[in-house]
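Observations on the three-dimensional arrangement
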Amino acid sequence: MPRGPAQARDDESSAVKVELDEWPIAVFRMPRIVDVKVAGALGQAIDKLLERKEEFVIVIDSRSTTDTPPDARRAIAAWEKARDAPLRAYAKATAFVMPNRAMFAIVGLISWLNPPPYPKECFLGEGEAKVWVREKLSRRP
(Lines give C-alpha, C1' and ligand atoms only; values in the text may rest on other atoms or scores of the structure.)
Protein backbone atom coordinates (compact mmCIF):
# COMPACT_ATOMS: atom_id res chain seq x y z
CA MET A 1 0.00 0.00 0.00
CA PRO A 2 1.56 3.33 -0.97
CA ARG A 3 2.15 5.79 1.79
CA GLY A 4 1.77 9.53 1.54
CA PRO A 5 4.25 12.11 2.80
CA ALA A 6 2.45 12.54 6.13
CA GLN A 7 2.75 8.81 6.90
CA ALA A 8 6.43 8.80 5.96
CA ARG A 9 7.08 11.76 8.28
CA ASP A 10 5.25 10.00 11.14
CA ASP A 11 7.35 6.86 10.65
CA GLU A 12 10.58 8.87 10.52
CA SER A 13 9.73 10.84 13.64
CA SER A 14 9.16 7.61 15.59
CA ALA A 15 12.49 6.03 14.65
CA VAL A 16 15.86 5.99 16.38
CA LYS A 17 18.38 7.89 14.29
CA VAL A 18 21.93 6.56 14.44
CA GLU A 19 24.94 8.75 13.67
CA LEU A 20 28.39 7.18 13.40
CA ASP A 21 30.29 9.99 11.67
CA GLU A 22 32.34 10.60 14.86
CA TRP A 23 33.15 6.92 15.51
CA PRO A 24 33.99 5.65 18.13
CA ILE A 25 31.26 7.97 19.37
CA ALA A 26 27.85 6.59 18.44
CA VAL A 27 25.02 9.13 18.67
CA PHE A 28 21.43 7.93 18.97
CA ARG A 29 18.70 10.53 18.46
CA MET A 30 15.57 9.31 20.18
CA PRO A 31 12.03 10.05 19.00
CA ARG A 32 9.28 11.79 20.94
CA ILE A 33 7.81 8.51 22.27
CA VAL A 34 10.19 5.70 23.20
CA ASP A 35 7.91 2.67 23.25
CA VAL A 36 8.87 -1.03 23.29
CA LYS A 37 9.34 -1.03 19.50
CA VAL A 38 11.74 1.92 19.69
CA ALA A 39 13.54 0.34 22.66
CA GLY A 40 14.03 -2.80 20.57
CA ALA A 41 15.35 -0.77 17.64
CA LEU A 42 17.86 0.95 19.94
CA GLY A 43 19.01 -2.44 21.21
CA GLN A 44 19.39 -3.80 17.67
CA ALA A 45 21.42 -0.76 16.63
CA ILE A 46 23.77 -1.17 19.59
CA ASP A 47 23.99 -4.93 18.91
CA LYS A 48 25.35 -4.11 15.44
CA LEU A 49 28.02 -1.92 17.02
CA LEU A 50 28.93 -4.68 19.48
CA GLU A 51 29.48 -7.03 16.51
CA ARG A 52 32.39 -4.81 15.44
CA LYS A 53 34.28 -5.90 18.58
CA GLU A 54 35.72 -2.38 18.92
CA GLU A 55 35.52 -0.07 21.91
CA PHE A 56 33.02 2.76 21.55
CA VAL A 57 31.01 5.24 23.58
CA ILE A 58 27.36 6.22 23.32
CA VAL A 59 25.54 9.54 23.34
CA ILE A 60 21.76 9.20 23.59
CA ASP A 61 20.02 12.43 22.66
CA SER A 62 16.65 12.33 24.42
CA ARG A 63 15.87 16.04 24.24
CA SER A 64 12.86 15.36 21.98
CA THR A 65 11.55 12.48 24.09
CA THR A 66 8.41 13.23 26.07
CA ASP A 67 7.49 9.71 27.21
CA THR A 68 9.14 6.36 27.85
CA PRO A 69 6.45 4.06 29.26
CA PRO A 70 7.37 1.53 31.98
CA ASP A 71 7.26 -1.45 29.58
CA ALA A 72 9.83 0.27 27.34
CA ARG A 73 12.08 1.02 30.33
CA ARG A 74 11.83 -2.64 31.38
CA ALA A 75 12.66 -3.76 27.84
CA ILE A 76 15.78 -1.56 27.79
CA ALA A 77 16.88 -2.86 31.21
CA ALA A 78 16.34 -6.49 30.15
CA TRP A 79 18.27 -5.94 26.91
CA GLU A 80 21.15 -4.32 28.81
CA LYS A 81 21.25 -7.14 31.39
CA ALA A 82 21.22 -9.81 28.65
CA ARG A 83 24.27 -8.19 27.00
CA ASP A 84 26.27 -7.44 30.12
CA ALA A 85 29.52 -9.11 28.96
CA PRO A 86 29.78 -7.55 25.47
CA LEU A 87 28.68 -4.16 26.80
CA ARG A 88 31.40 -4.30 29.47
CA ALA A 89 33.96 -5.26 26.85
CA TYR A 90 33.17 -2.69 24.16
CA ALA A 91 30.73 0.04 25.32
CA LYS A 92 32.86 2.24 27.57
CA ALA A 93 30.29 4.88 28.61
CA THR A 94 26.87 6.30 27.87
CA ALA A 95 25.96 9.98 28.08
CA PHE A 96 22.31 10.99 28.04
CA VAL A 97 21.40 14.42 26.71
CA MET A 98 18.19 15.34 28.48
CA PRO A 99 15.77 18.26 28.03
CA ASN A 100 15.93 19.27 31.71
CA ARG A 101 17.45 18.36 35.07
CA ALA A 102 14.25 16.73 36.31
CA MET A 103 14.84 13.96 33.77
CA PHE A 104 18.25 13.27 35.35
CA ALA A 105 16.43 11.81 38.37
CA ILE A 106 14.58 9.29 36.21
CA VAL A 107 17.79 8.10 34.55
CA GLY A 108 19.48 7.98 37.96
CA LEU A 109 16.69 5.88 39.43
CA ILE A 110 16.77 3.46 36.50
CA SER A 111 20.55 3.14 36.84
CA TRP A 112 20.23 2.58 40.58
CA LEU A 113 17.61 -0.16 40.08
CA ASN A 114 19.51 -1.75 37.16
CA PRO A 115 23.21 -0.89 37.50
CA PRO A 116 24.67 -0.49 34.01
CA PRO A 117 27.79 -2.33 32.83
CA TYR A 118 29.46 1.02 32.03
CA PRO A 119 29.46 4.58 33.39
CA LYS A 120 26.36 6.66 32.66
CA GLU A 121 25.96 10.39 33.06
CA CYS A 122 23.32 12.98 32.13
CA PHE A 123 23.91 16.32 30.42
CA LEU A 124 21.84 19.21 29.12
CA GLY A 125 24.03 19.74 26.03
CA GLU A 126 25.45 17.44 23.41
CA GLY A 127 28.86 19.13 23.42
CA GLU A 128 29.49 18.46 27.10
CA ALA A 129 28.19 14.90 26.70
CA LYS A 130 30.72 14.25 23.92
CA VAL A 131 33.57 15.71 25.99
CA TRP A 132 32.66 13.33 28.83
CA VAL A 133 32.44 10.19 26.65
CA ARG A 134 35.72 11.04 24.91
CA GLU A 135 37.33 11.29 28.33
CA LYS A 136 35.94 7.87 29.30
CA LEU A 137 37.23 6.37 26.05
CA SER A 138 40.69 7.84 26.53
CA ARG A 139 40.92 6.37 30.04
CA ARG A 140 40.61 2.80 28.85
CA PRO A 141 43.42 0.50 30.06
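Residues numbered from 1 in each chain as written. Predicted model: local features only at pLDDT ≥ 70, side-chain atom pairs only at ≥ 80, totals over all residues. Heavy atoms only, no water.

**Remarks on the pattern of salt bridges**
Under the convention used in this document: A pairing counts as a salt bridge when a side-chain nitrogen of Lys or Arg comes within 4 Å of a carboxyl oxygen of Asp or Glu. Helix and strand assignments follow DSSP, with helices taken as H or I runs no shorter than four residues and strands as E runs no shorter than two, numbered in order from the N terminus. Note on classification: 1.4 Å probe, protein chains only; a residue is buried when its accessible area is under 20% of the maximum for its type, exposed when over 50%, partly exposed between these limits.
Taken as a whole and judged by the stated rule, the model has 12 salt bridges. Two residues, Glu126 and Arg29, come together in a salt bridge whose shortest N-O distance is 2.8 Å. With Glu126 in helix 6 (residues 126-138) and Arg29 in strand 2 (residues 25-29), this pair connects stretches of sequence that are 97 residues apart. Using a relative accessible area of 21% as the deciding quantity, one classes Arg29 as partly exposed. Several salt bridges share partner residues, and in doing so they unite Glu19, Glu22, Arg29, Asp61, Arg63, Glu126, Lys130 and Arg134 into one network.

**Observations regarding the packing of aromatic side chains**
Rule in force here: Two rings belonging to Phe, Tyr or Trp (six-membered ring only in the last case) form a pair when the distance between their centres is within 6.5 Å. Interplanar angles under 30 degrees mark stacking, angles over 60 mark edge-to-face geometry, and anything in between is tilted.
Evaluated as defined, the whole model comprises two aromatic pairs. Arranged with centres 5.7 Å apart and planes meeting at 50°, the rings of Phe123 and Trp132 form a pair that is tilted. By relative accessible area, which is 11% here, Phe123 ends up buried. With relative accessibility at 13%, the residue Trp132 sits in the buried group.

**Focus: the confidence of the model for the chain**
For clarity, the threshold we go by: pLDDT measures how confident the predictor is about each residue, on a scale from 0 to 100. Contacts: residue pairs with any heavy atoms within 4.5 Å of one another.
With 87% of its residues at a pLDDT of 70 or more, the chain shows a mean pLDDT of 86. Per-residue pLDDT stays below 50 along residues 1-12; that stretch engages in two contacts with residues further than four places along the chain or on separate chains.

**Here we look at the sheet that holds strand 3 (residues 56-61)**
The line we're drawing: Here, a strand pair is defined by DSSP locating no fewer than two bridges between the strands. Structural elements are reduced to axes, namely lines fitted to C-alpha atoms, with helices fitted over the stretch in contact, and the angle between N-to-C directions of any two is expressed from 0 to 180 degrees.
Across the sheet, five strands lie side by side as 1-2-3-4-5; this open sheet has mixed pairing. Either end of the sheet is taken by a strand with one partner, and the two such strands are strand 1 (17-22) and strand 5 (120-123). Averaged over all pairs of adjacent strands, the angle between strand axes in this sheet comes to 20°, irrespective of strand direction. Relative to strand 2, strand 1 is paired through four bridges, and the arrangement is antiparallel. Within the sheet, the bridge partner assigned to Val18 lies in strand 2 and is Phe28.

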